[in-house]
Amino acid sequence: MRPRDALCVPGLLVAGLFAASAWGADSDPAATPSKFELLDGDRVVMLGGTFIEREGQFGYIETALTAAYPDRNITFRNLGWSGDTVWAESRGIFDPPAAGYQRMIDLVKELKPTVILLAYGQNESFAGEAGLEAFVKQYEKLCDDLTPTNARLVFITPYDFERVAPPLPDASRNNANLALYGGQIKALADRRAGAVVELFGSLGADDHLQTENGIHLSTEGYAYLGRRFAQATGYALPDDAEKKLEALRTKIVAKNTLFIHRWRPQNVTYLFLFRKHEQGNNAVDIPEFDKLTAAADQAIAELRVKLNQ
């Protein structure tokens, strides 16, 4: 069992998410997320579309989860891909989606996760009720294909879209579909004995927009949902460690940049795919990013410990 008395330690590192800048927000989330726990030594893989890929660039959610466990060494690998779905439709590059899907499954297995955070349903929701059955069927297949990892699954429901000023369209008109898909995700989590982080209903608590365009989260939106994830672990976050957490977040973003160069280099077609006959000899250098990413993990761990002293 997790030591719940840690919640009462004054000045605990997990303080930062309620601070006054991007980390802070005045109102509590609309509902309490279900609880999940990360253990010492956990290797967390994050899968999903634009929400997850951009989190790698912002780093607020990973920072929140890292800070929530100052006494535990937990590593994160972000495999988000913008525009993706449970069919891996964005990952095929010049191959069919099925090839990109298989590459994703193989990479997840290679990373040997103990926990997988799954964030799907946002893009798929635009198909409405008519697309729901196919979505659930494919999500079940994804879970089946991840079963050999023996990882614990954490299902993330889509957050609600915001209504923004014209000329941008009113994305919030899709919220009924998002709620519908979120409900099916929670049912899937129940069948799979997985935890749920409920994000639907989190945004729009006041007039302050937390997206850039009604759909994609702003800096404030990621900070706000970072706090949501921290709450999902059962921790309440005070407001006295903003600068400490900002230093931690900076290191996490730098680590994520190194890792994306490892698994998704910009010239991947020339290194590994159908044009590898031209520059594939350079692919030998890509594993060097493993060493750099591991060193970045160590720097994050050292700072996490230092900030909690």
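Structure: see above.
The following refers to the structure shown. (Residues numbered from 1 in each chain as written. Predicted model: local features only at pLDDT ≥ 70, side-chain atom pairs only at ≥ 80, totals over all residues. Heavy atoms only, no water.)

Right, let's talk about the overall build of the protein chain for a bit. A count of helices and strands for the protein chain gives ten helices and five strands. The burial tally for the protein chain puts 52% of its 309 residues in the buried class. Within the protein chain, contacts between residues at least 6 apart in sequence are counted, and of these 81% link residues at least 24 apart. Put simply, the protein chain shows about 14,100 Å² of open surface, and 54% of that area lies on carbon and sulfur atoms. (Helix = DSSP H or I, 4+ residues; strand = E, 2+ residues; numbered from the N terminus. Buried < 20%, exposed > 50% of the residue type's maximum accessible area, 1.4 Å probe, protein only. Contact = heavy atoms within 4.5 Å. Areas by Shrake-Rupley, 256 points an atom, 1.4 Å probe, with all protein chains shown as cover.)

So, about empty space enclosed by the protein. Across all of its chains, the model carries two cavities of 30 Å³ or more by this definition. Put simply, the largest cavity is a space of about 140 Å³. What lines the largest cavity is a set of 14 residues, and nearest its centre among them are Gly 49, Phe 51, Ala 119, Tyr 120 and Gln 122. Within the lining of the largest cavity, the residues separate by chemical class into six nonpolar, six polar and two charged. (1 Å grid on protein atoms, 1.4 Å probe; cavity = no way out; pocket = protein on both sides within 12 Å on 5 of 7 lines; lining within 4 Å. Points joined across faces, edges and corners; volume = space filled by probe spheres on them. Nonpolar A, V, L, I, M, F, W, Y, C, P; charged D, E, K, R; others polar.)

Turning our attention to the layout of surface pockets. As a volume, the largest pocket reaches approximately 620 Å³. In terms of lining, the largest pocket is formed by 28 residues, of which the most central are Leu 107, Glu 110, Arg 262, Trp 263 and Arg 264. Put simply, the parts of the chain that give the lining of the largest pocket at least two residues each are strand 1 (43–48), strand 2 (75–78), helix 3 (97–111), helix 7 (242–263) and helix 10 (288–307). Looking at the lining of the largest pocket, the element that brings in the most residues is helix 3, giving seven residues. Among the residues making up the lining of the largest pocket, the classes are represented as 16 nonpolar, three polar and nine charged.

This paragraph deals with the pattern of salt bridges. Note on pairing: side chains with opposite charge can pair once their charged atoms come close. Counting across every chain of the model gives 18 salt bridges. Residues Asp 42 and Arg 152 are paired through a salt bridge, measuring 2.6 Å at the closest nitrogen-oxygen approach. On the criterion of sequence distance, the pair formed by Asp 42 in the segment before strand 1 and Arg 152 in strand 4 (residues 152–156) is long-range, its members being 110 residues apart. On the basis of relative accessibility, which here comes to 33%, the residue Arg 152 falls in the partly exposed class. The network of salt bridges with common partners includes Glu 140, Asp 144, Arg 191 and Arg 192. (Salt bridge = Lys/Arg side-chain N within 4 Å of Asp/Glu carboxyl O.)

The next subject is the nonpolar core. Counting 34 residues, the largest nonpolar core has Leu 38 and Phe 51 as the members making the most contacts within it. Considering each element in turn, this core owes the most residues, six residues, to helix 6 (residues 219–232). Listed in part, the 32 residues of the second largest apolar core include Tyr 101, Val 108, Leu 111 and Tyr 120. (Core = buried A, V, L, I, M, F, W, Y, C linked by side-chain atoms within 4.5 Å.)

This part covers the pairing of strand 3 (residues 115–119). Most of strand 3 is tucked away, with five of its five residues classed as buried. Of the two faces of strand 3, the one holding Val 115, Leu 117 and Ala 119 and the one holding Ile 116 and Leu 118 are both buried throughout. Of the strand pairs in this sheet, strand 1 and strand 3 are connected by five bridges, and their pairing is parallel. By the bridge assignment, Val 45 is partnered in strand 3 with Ile 116. Bridge count between strand 3 and strand 4: four bridges; the pairing is parallel. When the bridges of strand 4 are listed, Val 115 appears paired with Arg 152. Traced from strand 3 through helix 4 (residues 132–146) to strand 4, the parallel crossover comes out right-handed. (Pairing = 2+ DSSP bridges. Right-handed = clockwise from strand over helix to strand, strands pointing away.)

A separate point is the sheet that holds strand 4. Reading across the sheet, the five strands line up as 2-1-3-4-5 and stay open at both edges, with parallel pairing between neighbours. One side of each edge strand has no neighbouring strand; the edge strands of this open sheet are strand 2 and strand 5 (195–197). Taken over all neighbouring pairs, the strand axes of this sheet differ in orientation by 20° on average, direction set aside. Sitting on the sheet, helix 3 is in contact with strand 1, strand 2 and strand 3, with an inclination near 165° to strand 1. Packed onto the sheet, helix 5 (residues 175–191) meets strand 4 and strand 5 and runs at close to 165° relative to strand 4. (Axes fitted to C-alpha atoms, helices over the stretch in contact; angles between N-to-C directions.)

Relative to the helices and strands, Thr 85 is located in the loop between strand 2 and helix 3. For Thr 85, a relative accessible area of 7% translates into the label buried. At 2.7 Å, the side chain of Thr 85 forms a polar contact with the side chain of Glu 89. Beyond its immediate sequence surroundings of up to four residues, Thr 85 is in contact with Tyr 120, Asn 123 and Glu 124. (Polar contact = N/O pair within 3.5 Å; in protein donor to acceptor, adjacent residues only side chain to side chain.)

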